[in-house]
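Observations on the model geometry
The residues making up each chain are set out below.
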Amino acid sequence: MIDLRSDTVTQPSQAMREAMARAEVGDDVYGEDPTVNRLQTTAAQLLGKEAALFVPTGVMANQLSIRLHTRPGDEVIVESSSHLIRYEGGSASALSQVQLSCVSGDRGLLSLKPVQAALRPKDVHNPPTTLLCLEQTHNVGGGTVYPLETIKGLTSWARENGLALHLDGARLFNAVVASGISAAEYASHFDTVCFCLSKGLGAPVGSMIVSTQDNIDKLRRLRKMFGGGMRQAGILAAAGLYALEHNISRLKEDHDNAKNLALHLQQIPTVFVDPDRVDTNIVVFEVVRSEHSTAELLQAFKESGVLLNAMGERMFRAVTHLDVDGADIEKAAHVLGSVLTV
Ligand code: TLP
């Protein structure tokens, strides 16, 4: 089976497992796990921030950050197809009691004017707008990379208007590799940045939040409150360290594979995809003509050996990652071509 549902499906490599088995551990709720501490220092340095916190998931990283920056009744500006709105189970409203204001982007990327229009004037009727969240790369947008200039424009305007800034950088390192811009440069424009170790970087579990020491101290207390204080987490952190040391630059292979897949898909008459718009490791494509439903097509792909996810009505997502190589991509393209041209 060629599993292109997500880059979350990767298996830890033998070398990563060995690093996990060797990890020195301690009780991280006491701050005594040397491997977690090393991972946190490494992540903070890599992103040019004072401190970092290891958390179990990307959703928790985002939700702790929202909780940090807001009070109940506040409004948070997000892009309308962001992970925060589509795939986090309504947690911002449930856990932080905030309202999300959705602004449409182009392939997930916000531009300044509509964001400015979403800012509520200070008035007793209005929820205070206190936070702007961006997503880099943008998942549903098709792994799109925010140009640095757009980030600068949005974040400097947000700061002038007193908004805090959070970056859902679940796939930040895909943007780093695709653009050649450092993680620290991207991170410098935000108060909190999270990124996932368990996606293209290939670790089994874990995300990081980076910020000031003061914010990380507060987030540490919130993590406990949300039930994310882990004990001998060094076994997991060792995988994260291994991922940061070995699996960043190889993301380029995933990007090349995604582009190649899109070029193949473009040859299928019933598929719409623009390979020029495949920035990183995600290919979103549409089947424009088919008598089959989305679920039937997914099933047909599966029966022929390819797993994909649906993103909407006859919209599909293929994500490349370190457990699929160039030959798998050729095979997957062939399978999708045969299913869709029957
Ligand atoms: N994304 C998953 C699914 O939840 C959709 C995937 O397969 O792509 N931010 C972004 C941008 C993400 O894509 C994800 C996961 C998360 C946050 C949450 O990470 P986890 O799954 O670790 O909670």
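All values reported here derive from a predicted model rather than from experimental measurement.

Here we come to the site of the ligand. Taken together, the neighbourhood of the ligand is formed by 15 residues, with S6, G58, H83, D168 and R171 sitting nearest. One of the side-chain nitrogen or oxygen atoms of R317 is found 2.9 Å away from an oxygen atom of the ligand. Calculation on the ligand without its partners gives an accessible area of 510 Å², and the protein chains cover 83% of this total. In terms of residue class, the shell around the ligand is built from 3 nonpolar, 6 polar and 6 charged.

Glancing now at the packing of aromatic side chains. By the definition in use, this model includes 3 aromatic pairs. Arranged with centres 5.1 Å apart and planes meeting at 85°, the rings of F173 and F195 form a pair that is edge-to-face. Taken together, the residues span a long stretch of sequence, with F173 in helix α8 (residues 172–179) and F195 in strand β7 (residues 192–196) at a distance of 22 residues. Using a relative accessible area of 0% as the deciding quantity, one classes F195 as buried. Summarising the aromatic geometry, the rings of F285 and F316 are spaced 5.7 Å apart at their centres and angled 35° between planes, so their arrangement reads as tilted. Of the two residues, F285 is situated in strand β10 (residues 282–287) and F316 in strand β13 (residues 315–319); the sequence distance between them amounts to 31 residues. Accessibility expressed as a relative area gives 0% for F316, which makes it buried. These aromatic residues form a ring-pair network of at least three members: F285, F301 and F316.

In this section: the domain arrangement of the protein chain. Domain annotation for the protein chain reports domain 1 (11–246) and domain 2 (250–340). Between the C-alpha centres of domain 1 and domain 2 there is a distance of 28 Å. Both sides of the domain 1 and domain 2 interface together cover about 1,500 Å² of buried area, and 49% of this is carbon and sulfur. The tally of links between domain 1 and domain 2 comes to 0 salt bridges. For the pair domain 1 and domain 2, the interface holds 7 residue pairs in polar contact (both at pLDDT 80 or more). Counting residues per element, the side of domain 1 that touches domain 2 draws most heavily on α8, which supplies 5 residues. Class assignment of the residues belonging to the side of domain 1 that touches domain 2 gives a composition of 8 nonpolar, 10 polar and 4 charged.

Thresholds, definitions, all that
- Residues numbered from 1 in each chain as written.
- Predicted model: local features only at pLDDT ≥ 70, side-chain atom pairs only at ≥ 80, totals over all residues.
- Heavy atoms only, no water.
- Near = heavy atom within 4 Å.
- Polar contact = N/O pair within 3.5 Å; in protein donor to acceptor, adjacent residues only side chain to side chain.
- Areas by Shrake-Rupley, 256 points an atom, 1.4 Å probe, with all protein chains shown as cover.
- Nonpolar A, V, L, I, M, F, W, Y, C, P; charged D, E, K, R; others polar.
- Phe/Tyr/Trp six-rings, centres within 6.5 Å; stacked < 30°, edge-to-face > 60°.
- Helix = DSSP H or I, 4+ residues; strand = E, 2+ residues; numbered from the N terminus.
- Buried < 20%, exposed > 50% of the residue type's maximum accessible area, 1.4 Å probe, protein only.
- Domains from an automatic or database assignment.
- Buried area = accessible area lost by both parts, 1.4 Å probe.
- Salt bridge = Lys/Arg side-chain N within 4 Å of Asp/Glu carboxyl O.

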